[in-house]
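Take a look at the letters that make up each chain.
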Amino acid sequence: MNLVNLTINGKAVSVPSGTKILEAAKQVGVKIPSLCQMKIDEIGFTNECASCRVCMVSAGRKLVPACGTMVKEGMVVNTNTPEALKYRKNVVELLLSDHPQDCYTCTKCGSCGLQDIAVQLGIKKIRFEGERLEKSKDNSSFSIMRDNDKCILCRRCETMCTEVQTVGVLSGVNRGFNTVVGTFFNADMMDTECTFCGQCVSVCPTGALMEKSEIDKLDQAKKEGKYIVVQTAPAVRAALGEEFGMPIGTSVTGKMVAALKRLGFNKVYDTNFAADLTIMEEATELVHRIKEGGQLPMITSCSPGWVNYAEYFYGDLLGHLSSCKSPHEMEGAIIKSYFAEKKGLDPKNIFVVSIMPCTAKKYEKERPENASKEGLKDVDCVLTTRELARLIKRSGIDFRRLPDEEFDQDLLGEYTGAGVIFGVTGGVMEAALRTAYFTITGKEHDLITFKEVRGFDGLKEAEIDLNGTKIKVAVAHGMKNAKPLLDDIRAGKSPYTFIEIMGCPGGCINGGGQPFVKPCFLPNEDANILDTYKEKRAKVLYSEDEKQVLRQSHRNTQIQQLYKDYLGEPNSHKAHELLHTSYHARERYPEK
């Protein structure tokens, strides 16, 4: 490795050749502000378009963008010269001059990168006045709101959408002062092939992209006296504490339950129960396809972002997807059928709320295929982890001081470790293998775990011996990593029997509705937190799995009782009516 020697703010430092000034400065404890730079480890890509010009530093006799300038031998860099600070301040003031002055009513207030840098630079008033470009707002989708008035043209969303997710919905349009980040022919998001994964929301530094809040739906249900049942996805417990100043990687399961009970829900359940149910259905479907010569490889279907992507880009492969609904949809269907009958409740008066790490779940609940009981939607309202945090804060609940409390245990309360690990890439595969192994062999896997499918490599492969039946499996997260697998299936040369695909890099722990991870708002975290936060969140789920007495979905006694009393057996006719769904190929933009 060739090292380059330079000086930054009077401190000598040696860094590998090819390093940019922005990264080199971190070695001497200097954080250079930036709004556009973004490092994406999953695909080895760094967004260095240098479009925001906020990271300008003095290098010799000129100012250069730190994110886009490589270090040179003997280079002398100063990050806080009067010239550099003046330039930065001017740039930020210019951005603010064409930005709505509504910080206190903006949902992003307190976690806005532009707001943070303005405070750092001590900007008290905006000196520049002039023409403002009135830009479009898009409220068409169920998942994401787009407000171009707040866009600063950092192009992070474009990078995420095109380079990581390979969807390409967002891109720069027009030139000069009229430049905006928009869609094809300025179409509404709902009319594009957007998968609603929300990764664009995760990286947006301002309020230009946000999840579409459904807190008002919950408020209305309370006014109408609905019987409100809430369920929480496994990944939520691994990140919710971050919204209340707790270190990344803190498990807050008990406090989360305590908060939900204080918010007045009639029942508080864990979606892990339905994750176990999903595995019973999915593992049975997999074994049936293996034994009966069904369409292989079978691909998981619990990530709605991935399902949307498949319908737009791989409509010819939809027969490979498992027909199982995602866990929260299954839970909603069971709540409005089995639970309602057992409790003597009218399904029409039950309002199911899902707390999810995902923005695509908001769209998923609106799919007509997910209406099982009397045409009622399985799930009525989806709140992201961030929305739940806002709801808790609005209610004046002191989250950090809450005691640990337990989920309601009646009928739908039990879950196994297999359900917990659904929230991390490889978790669905591992959970399914634990039960598929038992279904095929009649005995438990000696080690319970299948660590071959764990980790954050973009693509993981393994060969599993199911008592003499050897199958090859693969796990991918993020659409760019999944694309080669899908292309091989299309070409008829896939060697796999079972594939897990998660729409978001890292899986649900890094979903588009999770707390924002931005070092400027995390002063007590390690400098490399952007490289480690997914592992820290994943550790929460794997740790909870290890603590469970039962770690295989088929050993969940309440699931066993559900089949005995109501469903019959996995993949039965009734199970298909309530727990399975269908897909359809969708037309993309017409090619001319």
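Up top is the structure these notes are about.
I will try to describe carefully the structure that is included in this document. Just so we're clear, the structure is a prediction, and the values are computed from it rather than from any experiment.

This part takes up the pairing of strand E16 (residues 350–356). In terms of burial, E16 is a largely internal element, seven of the seven residues being buried. Here E16 shows a buried face lined by Ile-350, Val-352, Ser-354 and Met-356 and a second buried face lined by Phe-351, Val-353 and Ile-355. Pairing of E16 with strand E17 (residues 381–384) involves four bridges; the strand directions are parallel. Bridging from a neighbouring strand, Ile-355 pairs with Leu-383 of E17.

As a further point, take the side chain of Gln-37. Examined against the element boundaries, Gln-37 turns out to sit in the loop between helix H1 (21–26) and strand E3 (38–40). Here Glu-23 takes part through its side chain, which lies 3.5 Å from a polar atom of the side chain of Gln-37.

Evaluation of the coordinates by the stated rule reveals five cavities of 30 Å³ or more. Quantified by volume, the largest cavity comes out at close to 160 Å³. Around the largest cavity, the lining comprises 15 residues; the ones closest to its centre are Pro-234, Pro-327, Lys-361, Phe-422 and Cys-508.

Take Ala-50: it is sitting in the loop between strand E4 (45–47) and strand E5 (56–59). Accessibility expressed as a relative area gives 11% for Ala-50, which makes it buried. In contact with Ala-50, other than residues within four places in its own chain, are Cys-36, Pro-65 and Cys-67.

Once that is clear, we can look at unusual backbone geometry. The omega torsion across Leu-296 and Pro-297 is 0 degrees, close enough to zero to call that bond cis. Take Pro-297: it is sitting in the loop between helix H9 (272–292) and strand E15 (298–299). One non-glycine residue, Phe-185, lies in positive phi territory at about 55 degrees. Position of Phe-185 relative to the elements: it lies in the loop between strand E11 (180–182) and helix H5 (199–203).

Criteria and thresholds
Residues numbered from 1 in each chain as written. Predicted model: local features only at pLDDT ≥ 70, side-chain atom pairs only at ≥ 80, totals over all residues. Heavy atoms only, no water. Buried < 20%, exposed > 50% of the residue type's maximum accessible area, 1.4 Å probe, protein only. Helix = DSSP H or I, 4+ residues; strand = E, 2+ residues; numbered from the N terminus. Pairing = 2+ DSSP bridges. Polar contact = N/O pair within 3.5 Å; in protein donor to acceptor, adjacent residues only side chain to side chain. 1 Å grid on protein atoms, 1.4 Å probe; cavity = no way out; pocket = protein on both sides within 12 Å on 5 of 7 lines; lining within 4 Å. Points joined across faces, edges and corners; volume = space filled by probe spheres on them. Contact = heavy atoms within 4.5 Å.

Treat this as a map of the structure, not an account of what it does.
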